Amino acid sequence: MRPYLAITDMRSGDETEGFYVLSRAEVKKTAAGKNYLTARLTDCTGGIAAVMWDFLGTIREEDVGQIVKVRGAANVYNGALQLTVSAFRFATAQDHYELSRLVPTAPIDVEERMEEIYELVRSITDADYRAICEEMLRRHDESFSQIPAAKSVHHAFLSGLLMHSSNMLRTADFLAGLYAGVVDRSLLLAGTLLHDMNKEREFAFSALGLVREYTVKGDLLGHLVMGAQEIACVAQELGVPEEKSVLLQHMLLSHHGQPELGAAVVPHCAESELLSLIDLMDSHMEIYREALETTPAGEFSERIYALDKRIFNHGRQAEK
């Protein structure tokens, strides 16, 4: 009996005991009228169907998404691997487990990335834009460093928003220097930092911090509009000139580039144009990164909905 076995490492005949996420569960009855549990267990590596015969417990709707401790043996059923569970209980506050093993987490050092962001904010030379960024970070600091950037398409893991935003800030800082005669660096960095911050209010999160669904305001308004609204309020409270407030609001409202991609308005200045391109680039590169992890070298991936195509893994080795 192994104390914990990652789902992708399970093979028929393996026995395991450990913590997993209950991502789906239903209590059914056998022909003899006895209860049994069918479920899907997941960890950061994947998922597996599970069954527990003679199940005596109950499952509520709110139990789905919780962490459970199970003991079981892997076996093949109808051509697919499943886990036959012999012991099952929900995790308690006294249990010890590594959350990063159970849910996908950004492959970054969160503290280092947050310090990098604060350093970039301190480098914003325009005092008004810097003040807005500092106040928005004060309001959103904890969620900004922890929540995913999306429900499924890209950076849909813990601290995904931080990874996405800090990647974009690095790119924005470089491009602001490359196009120094065209771009206002302070405006570009401020818009880049703030562009997705209201995803905190757009999404409803599971107990593990992953995106469960959209909130009512998320569906009715979206993070672009809610973000622009909050910036308008913060700018007014700080006494920032209206012209700067409007420009920063425009950065958020246009950062999806085109209406068919969710933009409220199209970009009308160099900074908003760059922001939309940086956002698209980083989201696409993350989609590639995740797809390449599961696509063997020399093969094509399955069709990726967000890219509307398959991608090819040519086996490139990372440069030292």
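Cut-offs applied
Residues numbered from 1 in each chain as written. Predicted model: local features only at pLDDT ≥ 70, side-chain atom pairs only at ≥ 80, totals over all residues. Heavy atoms only, no water. Pairing = 2+ DSSP bridges. Helix = DSSP H or I, 4+ residues; strand = E, 2+ residues; numbered from the N terminus. Axes fitted to C-alpha atoms, helices over the stretch in contact; angles between N-to-C directions. Parallel < 35°, antiparallel > 145°, perpendicular 65-115°, else oblique. Left-handed = near helix turned anticlockwise from the far one by under 90°. Contact = heavy atoms within 4.5 Å. Nonpolar A, V, L, I, M, F, W, Y, C, P; charged D, E, K, R; others polar. Core = buried A, V, L, I, M, F, W, Y, C linked by side-chain atoms within 4.5 Å. Buried < 20%, exposed > 50% of the residue type's maximum accessible area, 1.4 Å probe, protein only. Patch = residues over 30% accessible without salt bridge, like charges linked within 9 Å, V, L, I, M, F, W, Y side chains within 5 Å. Areas by Shrake-Rupley, 256 points an atom, 1.4 Å probe, with all protein chains shown as cover. Salt bridge = Lys/Arg side-chain N within 4 Å of Asp/Glu carboxyl O. Polar contact = N/O pair within 3.5 Å; in protein donor to acceptor, adjacent residues only side chain to side chain. Phe/Tyr/Trp six-rings, centres within 6.5 Å; stacked < 30°, edge-to-face > 60°. Lys NZ or Arg CZ within 6 Å of the ring centre and 35° of its normal.

J.: In this structure, what is going on with the pairing of strand E2 (residues 35–43)? I would like to understand it.
T.: Consecutive residues of a regular strand have side chains that alternate between opposite faces of the sheet. In this structure, strand E1 (residues 15–29) lies alongside E2, joined through eight bridges in antiparallel fashion. Bridge pairing links Val 27 to Leu 37 in E2. Here E1 folds back onto E2, and the loop between the two strands holds five residues, one of which, Gly 33, carries a positive phi near 85°. The pairing of E2 with strand E3 (residues 46–52) spans seven bridges and is antiparallel. Directly across from Thr 42, in E3, lies its bridge partner Gly 47. The antiparallel pairing of E2 with E3 creates a hairpin that spans two residues between the two strands.

J.: Looking at this structure, how should I read the packing of helix H5 (residues 185–194) against helix H9 (residues 242–253)?
T.: Packed helices, taken two at a time, are described by the angle their axes make and the gap between the axes. It is the contact of H5 with H9, at a shortest axis distance of 9 Å, that shows an interaxial angle of 50°. Of the possible angle classes, the one that applies to H5 and H9 is oblique. Crossing geometry of H5 relative to H9 is assigned as right-handed. When H5 is examined against H9, the residues Leu 187, Leu 188, Ala 190, Gly 191 and Leu 194 are found in contact with a partner set consisting of Leu 247, Leu 248, Met 251 and Leu 252. Residue composition of the contact of H5 with H9, by class: eight nonpolar, one polar and no charged.

J.: Where do I start with the nonpolar core in this structure?
T.: As a rule of thumb, soluble globular proteins bury nonpolar side chains together. In this structure, Ile 117, Ile 132, Phe 144, Leu 193, Leu 194 and Leu 248 are the most contacted members of the largest nonpolar core, which totals 42 residues. Secondary structure elements with two or more residues in this core: helix H2 (110–122), helix H3 (127–146), helix H4 (160–178), H5, helix H8 (222–238), H9 and helix H10 (270–293). With eight residues, H4 is the largest single contributor of residues to this core. Residue contacts for Ile 132: discarding those within four places in its chain leaves Leu 194, Val 234, Ala 235, Leu 238, Val 240 and Leu 248. Counting residues in each nonpolar core, the second largest holds 21 residues, with Leu 22, Ala 25, Leu 41 and Val 68 among its members.

J.: Sorry if this is basic, but what is going on with a nonpolar patch on the surface here?
T.: Together, Phe 174, Leu 178, Tyr 179 and Val 182 give the surface a local cluster of nonpolar side chains, amounting to about 440 Å² of exposed area. Look at Val 182 and you get exposed, because its relative accessible area is 58%.

J.: I keep staring at the environment of Arg 139 and nothing clicks. Help me out?
T.: Structurally, the position occupied by Arg 139 is in helix H3. Sequence separation between Arg 139 and Val 121 is 18 residues, and the spatial gap between their C-alpha atoms is 15 Å. Setting aside residues no more than four positions away along its own chain, Arg 139 makes contact with Glu 230, Val 234 and Glu 237. A distance of 3.0 Å separates polar atoms of two side chains, one belonging to Arg 139 and the other to Glu 135. A polar contact of 3.1 Å, which involves the side chain of Arg 139, links it to the side chain of Glu 237.

J.: I tried to follow the pattern of salt bridges on my own but got confused; where do I start?
T.: Oppositely charged side chains can pair when the atoms bearing their charge come close. Tallying each qualifying case throughout the model produces 18 salt bridges. Among the salt bridges present, the one from Glu 62 reaches Arg 60, with a minimum N-O distance of 3.5 Å. For Arg 60, a relative accessible area of 49% puts it in the partly exposed group. Arg 89 is the salt-bridge partner of Asp 95, the closest N and O atoms lying 2.9 Å from each other. With relative accessibility at 17%, the residue Asp 95 sits in the buried group.

J.: Is there a simple way to think about the sheet that holds strand E5 (residues 80–90) in this case?
T.: The strands making up a sheet are joined through hydrogen bonds of the backbone, oriented either antiparallel or parallel. Strand order in this closed barrel of five strands is E1-E2-E3-E5-E4, and the pairing throughout is mixed. If you compare each strand with its neighbour and ignore which way they point, the axes differ by 50° on average. Sheet analysis places E3 next to E5, joined by three bridges and oriented parallel. Opposite Val 51, over in E5, you have Thr 84 as the bridge partner.

J.: Explanation requested: the pairing of E1 in the structure shown.
T.: Taken together, the seven bridges between E1 and strand E4 (residues 67–77) define a ladder with antiparallel strand orientation. Residue pairing for E4: Thr 16 is matched across the bridge by Gly 72.

J.: I'm lost on the side chain of Thr 42 in this one. Help?
T.: Tracing the chain through its elements places Thr 42 in strand E2. Among the residues examined, Thr 42 registers a relative accessible area of 17% and is labelled buried. Residues in contact with Thr 42, not counting those within four places in the same chain, are Ile 7, Tyr 20, Val 21, Ser 23, Gly 47 and Leu 102.

J.: It is not clear to me how the packing of aromatic side chains should be interpreted in this structure. Could you clarify?
T.: Here the distance between the centres and the angle between the planes together describe a pair of aromatic rings. This structure, assessed with the given rule, holds seven aromatic pairs. Both rings, one in Phe 19 and one in Tyr 97, keep their centres 5.2 Å apart while their planes meet at 45°; by these two values the pair is tilted. Here the residue Phe 19 occupies a position in strand E1, and Tyr 97 occupies one in the loop between E5 and helix H1 (99–102), the gap between them amounting to 78 residues. Looking at Tyr 97, the relative accessible area reads 36%, which means it is partly exposed. Positioned over the ring face of Tyr 129 is Lys 244, at 5.8 Å from the centre of the ring.

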